Amino acid sequence: MTVLGIHDGKDAGVCLVVDGKPVYAANEERFSRKKLHFGFPCRSLRNLLETTKVSPEDIDWVTVGFEAMVETEDYPIYCDIEDTTVFQKVFAGTTRLLGPVTASKAFVQASRQILSFISDNKQALQKTLKEFGITAPIEYVDHHRSHAASAYYTSGFEDALVVTADGGGDGLAGSVYTGKSGKLDVVAEWPRVHSPGNFWFLITYICGFNPIKHGGKITGLAAYTVSEEAYQILSEFYGYDEEKLCFLNKKHLLFQDAYHTLKDALAGFTKEQIAYGAQKVLEETIVGVIKAAVHRTGQRRVALSGGTFANVRLNQKILELDNVDEIFIHPHMGDGGVAIGAALDYTARTGGLLPQSITDVYWGNTVTNAEIRRTLSEYPVRYEKLDDPSEAIADSLVRKEVIGLLNGGMEYGPRALGHRTILAEPTDPTMMDWLNKRLERTEFMPFAPIILEEDAPLYFENFDAGRLPARFMTVCFDVTDFGKEMAPGIVHKDGTARPQIVNETTNEYVYKALKAYKEKSGLSLGINTSFNKHEEPMVWHPRDAIQELLRGGVDVLFLENYKVEPLV
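Remember, predicted model here, so these are calculated numbers, not experimental data.

Participant: Would you explain the sheet that holds strand S8 (residues 159-169) in this entry?
Facilitator: Strand pairing in a sheet is mediated by backbone hydrogen bonds. Such pairs are either parallel or antiparallel. Here we have 5 strands laid out as an open sheet, ordered S10-S9-S8-S13-S14, and mixed in their pairing. Of all the strands in the sheet, just strand S10 (183-191) and strand S14 (326-329) have a single pairing partner and so form its edges. Geometrically, the sheet is characterised by an average inter-axis angle of 20 degrees between neighbouring strands, direction not taken into account. Of the pairings in the sheet, the one linking strand S13 (residues 301-305) to S14 comprises 4 bridges and is parallel in character. Pairing of Arg 301 across the sheet is with Glu 326, part of S14. This element, helix H6 (residues 143-152), spans S8, strand S9 (172-180), S10, S13 and S14 of the sheet and lies at about 140 degrees to S8.

Below, the structure written as structure tokens:
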């Protein structure tokens, strides 16, 4: 069965699942060059058809990761929280007075149907699909079930606790499932008013950042200044219920009410102090829910998805729980991942599907040598084709050059995983300062390491327990004393790092380069950050990479086996 997954909304994207196996997945932002592109994924769908050579007539089903397609780009939490319409208040607050109880489920379902009826988004989606020649029937899958399926069916855990958490979708902001022998069953659902994602958006907004694009900056800032007082204040507003397995918005505050009340309560605190308090509250609440859910269900393997689990420090705390054996975070945990979740859920419900452990997510398009040569001829660069670029990459690292890499299939998800990556040597503790400025990014954000899998235990505490999510850079570890001494450039203010491990099977290109670098330097890792400047998506085409080279973002560029440098 061939299933096309679609996400038409924030961070729009597509996927193709054939007989339960993902064969393509990409998000619209890479092609439109608009970060977190909102709307129908026209360009990525076109690229899917071109890359996979699948015919529109061969698609059996289309799945969508929302039942009620009602959110729009001007939803206030995405832009100006002060600009809230009556409709948006009603939409986000449908469960405001109900709390997390089973009786609210019918109300949430009814609200979805009403909102779906008055929205024209579904009709627009159907019309656009027909313009592509796709006439297969469409299945609309609950948003949080889509998140849960994305985590469960790609985890390899036949039996697992599955938890989702985000800003909200289809009237919910989180859920708890059990996955057993390929089947997902609901244990608990969190009405949208009880949203850890909205809490995080509000904190990000109060700290002066874009709440959709810059939530990760709060996690970075949290390491700088301890403030138990800020934590205590925020604890009065947010908590969790271990009986109902739910995050709690204790005062049921939404939109302007929540923003102004929180802002007034936190007056006088620095953004670093606020970030510390918010991070501690998030860890305490979500970890509390998961610990209680593991105890109740007996499931010691935990699969996670939803934008809340982009928080790698939170994921580290979950990994370190005594009653958890392993965790897995879906590599595209945000809304951009629901296309694949909906497709996997539908496949499982109609034909049966057991979870499969994914080893990589290089599910996007590749670039041909002909396309590379044609693009190189259009720019003022000098280049040479190498039989094997690993020695040249290692030499550039030894010379402390900043390297751009574009090779193989494009990564699915928000993390650079060696195929659309900026690579640098890891020994300079000042790198967070100067390289962030060079890339026009916030100077306090840490850089992540990319490391040979066999050497990772030397650098990271408790590594074996987190080996699975470390494939995809979705969890932090405490850095060992050896790691701090050998590679201070990878260590954040709190002594942690968020590594990606590579081996010869999953990423031969980077693995061979790091092996060569180890022979020359004794170090088996480098700095890995996404190949883009601030506010831009990762590169996808050679022209994007060359333009960044010529801008000065990187010193040297490797396009597959081509080494590229500016003419002057």
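Participant: Help me out: how do you make sense of helix H10 (residues 255-265) in this one?
Facilitator: Helical periodicity: at 3.6 residues per turn, an α-helix aligns residues three or four positions apart in one direction. The set of residues buried in H10 consists of Phe 255, Gln 256, Ala 258, Tyr 259 and Leu 262. Down the axis of H10, the sector holding all buried residues measures 165 degrees, keeping them to one side.

Participant: Any chance you could explain helix H16 (residues 431-438) here in plain terms?
Facilitator: For H16, the complete set of buried residues consists of Met 431, Leu 435 and Asn 436. Along the axis of H16, the buried positions cluster into a sector of 105 degrees, meaning they face one direction only. In this structure, the buried residues of H16 make contact with strand S17 (420-424) and strand S22 (525-530). Of the residues flanking the end of H16, it is Glu 440, one or two places downstream, whose phi is positive at about 60 degrees.

Participant: I'm lost on the sheet that holds strand S6 (residues 61-64) in this one. Help?
Facilitator: With mixed pairing, the 5 strands of this open sheet are ordered in space as S4-S3-S1-S6-S7. The open sheet has two edge strands with one neighbour each: strand S4 (21-27) and strand S7 (138-140). Across this sheet, the average inter-strand angle for adjacent strands is 20 degrees, counted without regard to direction. Across 6 bridges, strand S3 (residues 13-18) lies against S4 in antiparallel orientation. Within the sheet, the bridge partner assigned to Val 14 lies in S4 and is Ala 26. On top of the sheet, helix H13 (residues 338-351) reaches strand S1 (2-7), S3, S4, S6 and S7; it is set at about 30 degrees to S3, its chief contact.

Rules and cut-offs
Residues numbered from 1 in each chain as written. Predicted model: local features only at pLDDT ≥ 70, side-chain atom pairs only at ≥ 80, totals over all residues. Heavy atoms only, no water. Pairing = 2+ DSSP bridges. Helix = DSSP H or I, 4+ residues; strand = E, 2+ residues; numbered from the N terminus. Axes fitted to C-alpha atoms, helices over the stretch in contact; angles between N-to-C directions. Contact = heavy atoms within 4.5 Å. Buried < 20%, exposed > 50% of the residue type's maximum accessible area, 1.4 Å probe, protein only. Arc of directions from axis to C-beta.

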